[in-house]
Amino acid sequence: MKCIFCSIAEKSIPAKVEYEDTEVVAFHDINPQAPTHILVIPRKHIASLRDISQAHVELMGKLLKISSELARKLGHEERGYRVVINTGPDAGQSVFHIHAHLLAGRSLGWPPG
Ligand code: 5GP
Ligand code: ZN
């Protein structure tokens, strides 16, 4: 079966897309954990942060920049927000296409989970 986030990036599975360009897609999480819960993914399939190499440095910087731009656009600049990349079993990663969670709109506990 094809990777679910590759399918969302290709539009063969629908999602509420908040932003997209040639390299990155940002869409709302199907099971939101905060009033704003957006997943920011590269179109390129990279399984997890464990698979990042020098070749991905610019792309990963872009994921963070787009996360911050979306947070600003959606009104979370002042109160703040959290950007999380779950990696591997202890972090509870369940989709193996790298994604940054942008969480905002409520006070977020620390430490997480
Ligand atoms: P992880 O647990 O891997 O860090 O996060 C995976 C996230 O993907 C979860 O928050 C889950 O709700 C979300 N998710 C899983 N399947 C879909 C889907 O088909 N559509 C959308 N929009 N989100 C999904
Ligand atoms: Zn994928």
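Residues numbered from 1 in each chain as written. Chains lettered and ligands numbered in written order. Predicted model: local features only at pLDDT ≥ 70, side-chain atom pairs only at ≥ 80, totals over all residues. Heavy atoms only, no water.

Q: Even after reading the chapter, I still don't get the coordination of the zinc ion (ligand 2), so can you show me in this structure?
A: The textbook angles at a metal center are 109.5 degrees for a tetrahedron of four donors and 90 or 180 degrees for an octahedron of six. Taken together, the protein ligands of the zinc ion (ligand 2) are Cys3 (SG), Cys6 (SG), His45 (ND1) and His97 (ND1), with distances of 2.0 to 2.3 Å. Coordination at the zinc ion (ligand 2) comes from 4 donor atoms whose angles at the metal span 106 to 120°, giving a geometry best classed as tetrahedral. Mapped onto the sequence, the residues coordinating the zinc ion (ligand 2) show the spacing C-x2-C-x38-H-x51-H. Taken together, the positions of Cys6 in helix α1 (residues 4-9) and His45 in the loop between β3 (36-42) and α2 (57-73) put the pair 39 residues apart, joining distant regions of the chain. Classification of Cys6 by relative accessible area gives buried; the value is 12%. (Donors = N, O, S within 2.8 Å, 3.2 Å for Na, K, Ca; no water. Tetrahedral: all angles 85-135°; square planar, octahedral: opposite > 155°, others 65-115°. Helix = DSSP H or I, 4+ residues; strand = E, 2+ residues; numbered from the N terminus. Buried < 20%, exposed > 50% of the residue type's maximum accessible area, 1.4 Å probe, protein only.)

Q: Just checking my understanding: could you explain α2 for this structure?
A: One turn of an α-helix holds 3.6 residues; hence residues three or four places apart share an orientation. Helix length check: α2 (17 residues) gives 24 Å between terminal C-alpha atoms against 24 Å at 1.5 Å per residue, within 8%. Buried positions along α2 lie against β1 (17-20), β2 (24-28), β3, β4 (81-84) and β5 (100-104). Count one or two residues on from α2 and you reach Gly75, which has phi positive near 90°. (Expected span 1.5 Å × (residues − 1). Contact = heavy atoms within 4.5 Å.)

Q: Just checking my understanding: could you explain the sheet that holds β3 for this structure?
A: Ordered by their spatial adjacency, 5 strands build an open sheet running β1-β2-β3-β5-β4, and the pairing between neighbours is antiparallel. Every other strand in the sheet has two partners, leaving β1 and β4 as the edge strands with one partner each. Direction aside, neighbouring strands of the sheet carry axes that sit 15° apart on average. Across 3 bridges, the pairing between β1 and β2 is antiparallel. Looking at the pairing, Val17 lines up with Phe27 of β2. With respect to the sheet, α2 is in contact with β1, β2, β3, β4 and β5, its orientation differing from that of β3 by roughly 155°. (Pairing = 2+ DSSP bridges. Axes fitted to C-alpha atoms, helices over the stretch in contact; angles between N-to-C directions.)

Q: Please clarify how the pairing of β2 should be interpreted in this entry.
A: Along any regular strand, the residues point their side chains to alternate faces of the sheet. Counted residue by residue, β2 has 4 buried out of 5 residues, so it is predominantly covered. If you look at the hairpin formed by β1 and β2, you'll find 3 residues sitting between the two strands. Bridge count between β2 and β3: 5 bridges; the pairing is antiparallel. Note on β3: the bridge partner recorded for Val25 is Ile41.

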